[in-house]
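So the chains spell out like this:
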Amino acid sequence: MTCLTIVQRVCKRVGLDAPSSAVGSTERQILQILELSNESGQELARRYPWQAILGVGNFTTVATESQGSISTIAPGLDYIINDTIWNRTLRRPVYGPKTPQNWEQQKAFAINGPWSGYRLIGDTLAMYPVPTAGQDCYFEYISKNWVTTYTASTDDEWTNDADTSKLDENLIV
């Protein structure tokens, strides 16, 4: 079911004329239905770890604390599923997310054990102790992107009438 189909279905249920276009509409009621359907999709995506919005992220370590931008490593990231980051090269878990207190304590005492920990600082995925470069790490995450756009990318809101929902459309209606 497309964005337009969902808006048309809602219009029929509430006694409004179904539009031929929703995203580009200037009609107040259609814009309101469109915004409410965006809000419903976003709320559904936040409330439950739906398999449809499950993603796998991976990165190759660099020999610095910053491993790169999390928005590049895991596009649309809402959150990393706990205990899923694994260094596949070393076959070890990467623990975290570390609390700010634990992170600063570990750095202050220069604790350099064999087990890396991670923390998201802004848009940066940080690891401490600093890993050796060239190790492959993988993890699973939940995306906030519940929409498949008409161009086959993903987003967290409707951008075109031909966009489709990754979540059950009946819940959005």
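Before reading further, recall that the structure is shown in the block above.
Residues numbered from 1 in each chain as written. Predicted model: local features only at pLDDT ≥ 70, side-chain atom pairs only at ≥ 80, totals over all residues. Heavy atoms only, no water.

Q: Just checking my understanding: could you explain the pattern of salt bridges for this structure?
A: Note on pairing: side chains with opposite charge can pair once their charged atoms come close. Within the structure shown, the criterion is met by three salt bridges. The residue R46 makes a salt bridge to E43 at a minimum N-O spacing of 2.9 Å. Of the two residues, R46 and E43 both sit in helix 2 (residues 28–47), three residues apart, roughly one turn of that helix. Across the pair E43 and R47 runs a salt bridge, and its minimum N-O distance is 2.7 Å. Placement of the pair is E43 and R47 together in helix 2, with a separation of four residues, close to one helical turn. What makes E43 partly exposed here is its relative accessible area of 30%. (Salt bridge = Lys/Arg side-chain N within 4 Å of Asp/Glu carboxyl O. Helix = DSSP H or I, 4+ residues; strand = E, 2+ residues; numbered from the N terminus. Buried < 20%, exposed > 50% of the residue type's maximum accessible area, 1.4 Å probe, protein only.)

Q: Even after reading the chapter, I still don't get the side chain of N38, so can you show me in this structure?
A: Within the element layout of this structure, N38 appears in helix 2. Of the residues examined, N38 reaches a relative accessible area of 5% and is grouped as buried. In terms of polar contacts, N38 uses its side chain to reach the backbone amide nitrogen of W158, at 2.8 Å. (Polar contact = N/O pair within 3.5 Å; in protein donor to acceptor, adjacent residues only side chain to side chain.)

Q: How should I be thinking about the pairing of strand 6 (residues 117–121) in this particular structure?
A: The side chains of a regular strand alternate between the sheet's two faces. Of the pairings in the sheet, the one linking strand 6 to strand 7 (residues 124–128) comprises five bridges and is antiparallel in character. Within strand 7, the position partnered with Y118 by the bridge is M127. Taking the residues between adjacent antiparallel strands as the criterion, strand 6 and strand 7 are bridged by two residues, where G122 takes a positive phi near 65°. (Pairing = 2+ DSSP bridges.)

Q: Whenever I open this one, unusual backbone geometry confuses me. Can you help?
A: Excluding glycine, residues mostly have negative phi values, and the peptide bonds linking residues are mostly trans. For the peptide bond that leads from G96 to P97, omega is 5°, which places it in the cis range. With respect to the helices and strands, P97 occurs in the loop between strand 5 (92–93) and helix 4 (100–108). A cis amide bond links Y128 with the next residue in sequence, P129, at an omega value of -5°. Summarising the element assignment, P129 is placed in the loop between strand 7 and strand 8 (136–143). Positive phi outside glycine occurs at R91, with the angle close to 60°. With respect to the helices and strands, the residue R91 is situated in the loop between strand 4 (86–87) and strand 5.

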